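# Remarks on the overall topology
Listed below are the residues making up each chain.
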Amino acid sequence: MRISVVNFKSQKDVIKNIALMKDYIEKAVYSGTDFVVFPELCITGYYYFLSDPKMINEELVAQAVSMCQKISCKQHIYICFGAPYYEADLIYNAAFITCPDNTVKIYKKIHICGYEHQIFSKGRKPLILDTEYGKIGFGICYDTIRFPELIRYYCYKGVNLYVNLSAVTEDAQCDACYLKRVIEYHVLSNGIYIASSNVCGIQNGDKFSGGSCVAGPVRKTEKPIHYYCNEELSQEPGIFTAEIKPDENLRMIFDGNRFSPIPDFDMNLYYSWYQER
């Protein structure tokens, strides 16, 4: 499986951002990519949208989805990008996934963060996408950073690839390696692959750290963490492509290992703890 992640530098212009997405998608298609991932709220810019939610509407989101659908069907490529999702009078921070079979899947961010509470509603359900490459799970930024339960749930359900869309900044609270530590923890503790796409550039005076990458284990040597692309965690705009085999994982806590066929992860045990008063 070839998967590409994008350091995306959003402008304060939705039409230009959609055009830039198309350019990256064309590069992904040319390189033989099967799945391309863009960051959280990439078609608006994270802080641009938070400061001006009226900069985009349902019609512009639909335009981006339609463009990606056509390319997905024609080129047999999965395209995942971040945008607002409008449902009745609610707005969600969402990941849209257009699929080669002309369907569109939507993951609504479950754990919203900070100023997002003023605009977005909380999603309530995880999303597992069944593909020819195996099961793929999705999360958006804060979901990944502070809530390991989500990835653990996905892994328990057989997911071997987790896709993270984020908008992480580099500031006094988060250094350039902040997201790196999060990704490495999840890869190490679960034995699966993570494809993470982060925003880069500056929005409203805040610098985003980029560092989009694909990380996972090396099953043959049981090396727990390996970077399959952008090991240097470049902060510059660009697309990075990796070749991975999601079924070659180190899911030993879920599937058992050479020492014991009994999985170390015991959901019923932890559930019983939560039920105690």
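The structure under discussion appears in the preceding block.
In what follows, the accompanying structure is described. Quantities reported herein were computed from a predicted structural model and do not represent experimental measurements. (Residues numbered from 1 in each chain as written. Predicted model: local features only at pLDDT ≥ 70, side-chain atom pairs only at ≥ 80, totals over all residues. Heavy atoms only, no water.)

### So, the side chain of Thr169
You can see Thr169 is positioned in the loop between strand S8 (161-166) and helix H6 (178-190). Excluding anything up to four places from it in sequence, Thr169 contacts Tyr47, Cys174, Asp206, Lys207, Phe208 and Ser209. (Helix = DSSP H or I, 4+ residues; strand = E, 2+ residues; numbered from the N terminus. Contact = heavy atoms within 4.5 Å.)

### Comments concerning the packing of aromatic side chains
Any two aromatic rings considered together are summarised by their centre-to-centre distance and by the angle between their planes. What the rule picks out here adds up to 20 aromatic pairs. With a centroid separation of 5.5 Å and 45° between ring planes, the pair formed by Tyr47 and Phe208 is classed as tilted. Here the residue Tyr47 occupies a position in helix H2 (residues 46-51), and Phe208 occupies one in strand S11 (residues 206-209), the gap between them amounting to 161 residues. Looking at Tyr47, the relative accessible area reads 23%, which means it is partly exposed. One aromatic cluster in this structure is built from Tyr156, Phe254, Phe265, Tyr270 and Trp273. For the cation-ring pair, Lys108 lies above Tyr92, with the distance from its terminal atom to the ring centre recorded as 4.7 Å. (Phe/Tyr/Trp six-rings, centres within 6.5 Å; stacked < 30°, edge-to-face > 60°. Buried < 20%, exposed > 50% of the residue type's maximum accessible area, 1.4 Å probe, protein only. Lys NZ or Arg CZ within 6 Å of the ring centre and 35° of its normal.)

### Examining the sheet that holds strand S14 (residues 238-243)
Spatially, the six strands line up as an open sheet ordered S5-S4-S3-S2-S1-S14, and their pairing is mixed. The two strands at the open ends of the sheet, each matched to only one other strand, are strand S5 (104-108) and S14. Averaged over all pairs of adjacent strands, the angle between their axes in this sheet comes to 30°, without regard to strand direction. Of the strand pairs in this sheet, strand S1 (residues 2-7) and strand S2 (residues 35-37) are connected by three bridges, and their pairing is parallel. Bridge pairing in S2 places Ile3 opposite Phe35. Strands in contact with helix H3 (residues 58-75) are strand S3 (78-87), strand S4 (90-98) and S5; relative to S3, the strand with the most contacts, it is inclined by about 155°. (Pairing = 2+ DSSP bridges. Axes fitted to C-alpha atoms, helices over the stretch in contact; angles between N-to-C directions.)

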